[in-house]
Amino acid sequence: MQTVQNNAVVTMAYALFDADKNEIEANEFAYLHGHNNIIPGLESALHGLTAGDKKNVTVAPENGYGEFQEELVERVDRSAFPEDQDIEIGMQFQTDTPEGMRIFTVVEINGDEIVLDGNHPMAGQTLIFDVEIKDIRKATEEEMAHGHVHGAHGHHH
Ligand code: ZN
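## Things to note about the overall build of the protein
In step 1: A count of helical and extended segments in the protein gives two helices and eight strands.
In step 2: Taken from the N to the C terminus, the helices and strands of the protein come in the order β-β-α-β-β-β-β-β-β-α.
In step 3: The globule rule puts the C-alpha radius of gyration for 157 residues at 15 Å, and the 19 Å found for the protein is more than 25% above it.
In step 4: Its C-alpha atoms give the protein principal-axis dimensions of roughly 60 × 35 × 25 Å.

## Remarks on a negative patch on the surface
In step 1: Taken together, the side chains of Glu-83, Asp-84, Asp-86 and Glu-88 make up a negatively charged region of the molecular surface.
In step 2: Relative to the assigned elements, Asp-84 resides in the loop between β4 (73–77) and β5 (92–97).
In step 3: On the basis of relative accessible area, Asp-84 is assigned to the exposed category, the value being 71%.

## Some remarks on unusual backbone geometry
In step 1: Positive phi outside glycine occurs at Asn-7, with the angle close to 70°.
In step 2: Locating Asn-7 in the fold gives a position in the segment before β1 (8–17).
In step 3: At Asn-36, a position not held by glycine, the phi torsion is positive, near 55°.
In step 4: Within the secondary structure layout, Asn-36 lies in the loop between β2 (23–32) and α1 (40–46).
In step 5: On the basis of relative accessibility, which here comes to 64%, the residue Asn-36 falls in the exposed class.

## Quick notes on the packing of aromatic side chains
In step 1: Across all of its chains, the model carries four aromatic pairs by this definition.
In step 2: Aromatic rings pair up to connect Tyr-14, Phe-29, Tyr-31 and Phe-129 into one cluster.

## As for the nonpolar core
In step 1: Among the nonpolar cores identified, the biggest contains 21 residues, and Val-4, Met-12, Leu-42, Leu-46, Phe-129, Val-131 and Ile-133 are the most heavily contacted of them.
In step 2: Of all the elements in the fold, those that place two or more residues in this core are β1, α1, β3 (54–59) and β8 (127–138).
In step 3: Filtering out sequence-adjacent residues up to four positions away, Met-12 remains in contact with Asn-27, Glu-28, Phe-29, Tyr-31, Leu-42, Leu-46, Val-131, Glu-132, Ile-133 and Lys-134.

## Notes on the pattern of salt bridges
In step 1: Taken as a whole, this structure holds three salt bridges when the rule is applied.
In step 2: Between Arg-75 and Glu-113 there is a salt bridge, with the nearest N and O atoms lying 3.4 Å from each other. Of the two residues, Arg-75 is situated in strand β4 and Glu-113 in strand β7 (residues 113–117); the sequence distance between them amounts to 38 residues.

## Observations concerning the environment of Leu-49
In step 1: Structurally, Leu-49 is set in the loop between α1 and β3.
In step 2: Residue Leu-49 is classed as buried on the basis of its relative accessible area of 13%.
In step 3: Along the chain, Leu-49 and Gln-5 lie 44 residues apart, while their C-alpha atoms are 8.5 Å from each other.

## What about the domain arrangement of the protein?
In step 1: Taken domain by domain, the protein consists of domain 1 (8–65 + 125–146) and domain 2 (70–117).
In step 2: If you average the C-alpha positions of domain 1 and of domain 2, the two centres end up 31 Å apart.

## Looking at the pairing of strand β6 (residues 100–110)
In step 1: Judged from the six bridges that link them, β5 and β6 form a sheet pairing that is antiparallel. Looking at β6, one finds that Thr-97 is bridged to Gly-100.
In step 2: Linking β5 to β6, which pair antiparallel, is a turn of two residues.
In step 3: Between the end of β6 and the start of β7, which pair antiparallel, lie two residues, with Gly-111 showing a positive phi angle near 60°.

Definitions and limits used
Residues numbered from 1 in each chain as written. Predicted model: local features only at pLDDT ≥ 70, side-chain atom pairs only at ≥ 80, totals over all residues. Heavy atoms only, no water. Helix = DSSP H or I, 4+ residues; strand = E, 2+ residues; numbered from the N terminus. Rg over C-alpha atoms; globule rule 2.2 N^0.38 Å. Patch = residues over 30% accessible without salt bridge, like charges linked within 9 Å, V, L, I, M, F, W, Y side chains within 5 Å. Areas by Shrake-Rupley, 256 points an atom, 1.4 Å probe, with all protein chains shown as cover. Salt bridge = Lys/Arg side-chain N within 4 Å of Asp/Glu carboxyl O. Lys, Arg positive; Asp, Glu negative; His and termini not counted. Charge placed at Lys NZ, Arg CZ, Asp CG, Glu CD. Buried < 20%, exposed > 50% of the residue type's maximum accessible area, 1.4 Å probe, protein only. Phe/Tyr/Trp six-rings, centres within 6.5 Å; stacked < 30°, edge-to-face > 60°. Core = buried A, V, L, I, M, F, W, Y, C linked by side-chain atoms within 4.5 Å. Contact = heavy atoms within 4.5 Å. Domains from an automatic or database assignment. Pairing = 2+ DSSP bridges.

Printed below as a string of structure tokens:
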């Protein structure tokens, strides 16, 4: 498999920067192309690249982790939590919402008022990726059926 295309297992190294060019993270991993395993703005930018290619990709929020949604910021009373549970800024809770499971993070504590934010930490941000394509191989039938990569750099469940 010579190019990044649907059902290719792509191993890539990347560094991620915010709009001010501050590095957020760097990593190397394999993903299954064409199965929404990575954010859409990055996936479409990598389409057609070959192993060894390097690309700088800017992803707007709507093609990344979404716009910041004010309605996902909720103010709840301390009494909504078990009394013996310590509530600290940065704590995360998984909550069932009409759109599926969502992770809420405690972002503010004002006395008895707890402010929870269900936005992705990178919502509303323009993201800049420095990407290098390391390897491309065809996915196995099982990987295609599962919609994700198996093997040394993947995961299984
Ligand atoms: Zn699997």
